[in-house]
Amino acid sequence: MRRKLVVGNWKLNGSLAANAALVAAFRQRFLPATGAVCGVCVPAVYLAQAAELLANTGIEPGAQDLSREVRGAFTGEVSAAMLADVGAKLCIVGHSERRALFGDTDEQVAVKFGRAKAAGLTPILCVGETLAEREAGVTDAVVIRQLDAVLAPHGRAALENAVVAYEPVWAIGTGKTATSEQAQSVHAVIRARLAKVDAGLAAEMPILYGGSVKAANAAELFAMPDVDGGLVGGASLDAQEFVGIWNAMRARLN
Ligand code: PEP
């Protein structure tokens, strides 16, 4: 069966004390599930702390971004190998906030995707359209363009040990969630595009939905045949909400 995942994205939030309190509150309520992975993508400076706090819980620490560079004179950058070295297992790549606010292009996202894989991290490749693009009727074309930018240089290898997250930009941090039908429709487009590269691997690829996922809407989204879990921003900062989302996934597996 396809791997399921629920992954939190703390974004630019946290402190040593706040992280310890959040993870402790989460661990008190968290029950693992066979067939599903829970993860949290934390600011890079807190990865070592997260790795320690999450040791032996089955919850995987992850990073939110990585450098395109490997080493050298690139002041301020953090490489994929460094993230892995301090305990990251997952790494978000191409989040819409990186694309929109920090200028990450499709080509740069493809390089980062390759760097993450080369360092043994599982990349979570984010794709998704803006509201203007949805209203212009180009959602599928945008998502396919973003996928193709990664598939072109990496080919079949892009489908191994990787995750895709469909995150409509208009739903991120806005409280507006895509309907489960809207999510399913784009997830099916993504899987069909991946299947053109390798049908077997496409069938196994986890495709997450992200955009204002909450405990209250998770079950409906996760019930869709091509929705394999969630990438969760705001709600991952609330232990009860995040466990509620995780439990919506557990309920599907039990
Ligand atoms: C995200 O940051 O990837 C995200 C989906 O955020 P939120 O859940 O807050 O919409």
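Overview of the structure. (Residues numbered from 1 in each chain as written. Predicted model: local features only at pLDDT ≥ 70, side-chain atom pairs only at ≥ 80, totals over all residues. Heavy atoms only, no water.)

A few words on the environment of alanine 223. By secondary structure assignment, the location of alanine 223 is in the loop between helix H10 (215-222) and strand S8 (229-232). The class of alanine 223 is partly exposed, set by a relative accessible area of 36%. Between the C-alpha atom of alanine 223 and that of alanine 248, which follows or precedes it by 25 residues, the distance is 9.4 Å. (Helix = DSSP H or I, 4+ residues; strand = E, 2+ residues; numbered from the N terminus. Buried < 20%, exposed > 50% of the residue type's maximum accessible area, 1.4 Å probe, protein only.)

For strand S1 (residues 4-9), the tally of buried residues reaches six of six residues, placing the bulk of the element in the interior. Of the two faces of S1, the one carrying Lys4, Val6 and Gly8 and the one carrying Leu5, Val7 and Asn9 are both buried. Inspection of the sheet shows S1 paired to strand S2 (residues 36-41) by six bridges, in the parallel sense. In the sheet register, asparagine 9 faces S2, and the bridge partner there is cysteine 41. After leaving S1, the chain enters helix H1 (residues 16-29) and then returns to the sheet as S2, a path that is right-handed. One ladder, built from four bridges, connects S1 with S8; its direction is parallel. (Pairing = 2+ DSSP bridges. Right-handed = clockwise from strand over helix to strand, strands pointing away.)

Now for the site of the ligand. Near the ligand you find 14 residues, and of these Lys11, Glu167, Gly173, Ser212 and Gly233 are the closest. At 3.2 Å from an oxygen atom of the ligand is found a side-chain nitrogen or oxygen belonging to asparagine 9. Between the ligand and histidine 95, the relevant distance is 2.9 Å, taken from an oxygen atom to a side-chain nitrogen or oxygen of the residue. About the coverage of the ligand: the protein hides 96% of its 290 Å² of free accessible area. Its residues assigned to classes, the shell around the ligand comprises four nonpolar, eight polar and two charged. (Near = heavy atom within 4 Å. Polar contact = N/O pair within 3.5 Å; in protein donor to acceptor, adjacent residues only side chain to side chain. Areas by Shrake-Rupley, 256 points an atom, 1.4 Å probe, with all protein chains shown as cover. Nonpolar A, V, L, I, M, F, W, Y, C, P; charged D, E, K, R; others polar.)

Time to look at the pattern of salt bridges. Should their charged atoms come close, side chains of opposite charge can pair. Per the counting criterion, the structure on display carries 15 salt bridges. The salt bridge partner of aspartate 228 is arginine 2, with a shortest N-O separation of 3.0 Å. Taken together, the residues span a long stretch of sequence, with aspartate 228 in the loop between H10 and S8 and arginine 2 in the segment before S1 at a distance of 226 residues. Both residues of the pair, aspartate 228 and arginine 2, belong to the buried class. Close ionic contact of lysine 11 with glutamate 97 constitutes a salt bridge, the shortest N to O distance being 2.7 Å. With a gap of 86 residues between them, lysine 11 in the loop between S1 and H1 and glutamate 97 in helix H4 (residues 96-102) connect regions that are remote in the sequence. (Salt bridge = Lys/Arg side-chain N within 4 Å of Asp/Glu carboxyl O.)

If you look at the biggest cluster of nonpolar residues, it comprises 66 residues, and the most contacted ones within it are Ile190, Leu194, Tyr209 and Phe222. For this core, the element with the most residues is helix H11 (residues 239-253), which contributes seven residues. With sequence-adjacent residues up to four places away left out, phenylalanine 222 is seen in contact with Val6, Val227, Gly229, Gly230, Ile245, Ala248, Met249 and Arg252. In terms of nonpolar packing, the next biggest core, distinct from the first, is built from 12 residues, Leu5, Val7, Val37 and Cys126 among them. (Core = buried A, V, L, I, M, F, W, Y, C linked by side-chain atoms within 4.5 Å. Contact = heavy atoms within 4.5 Å.)

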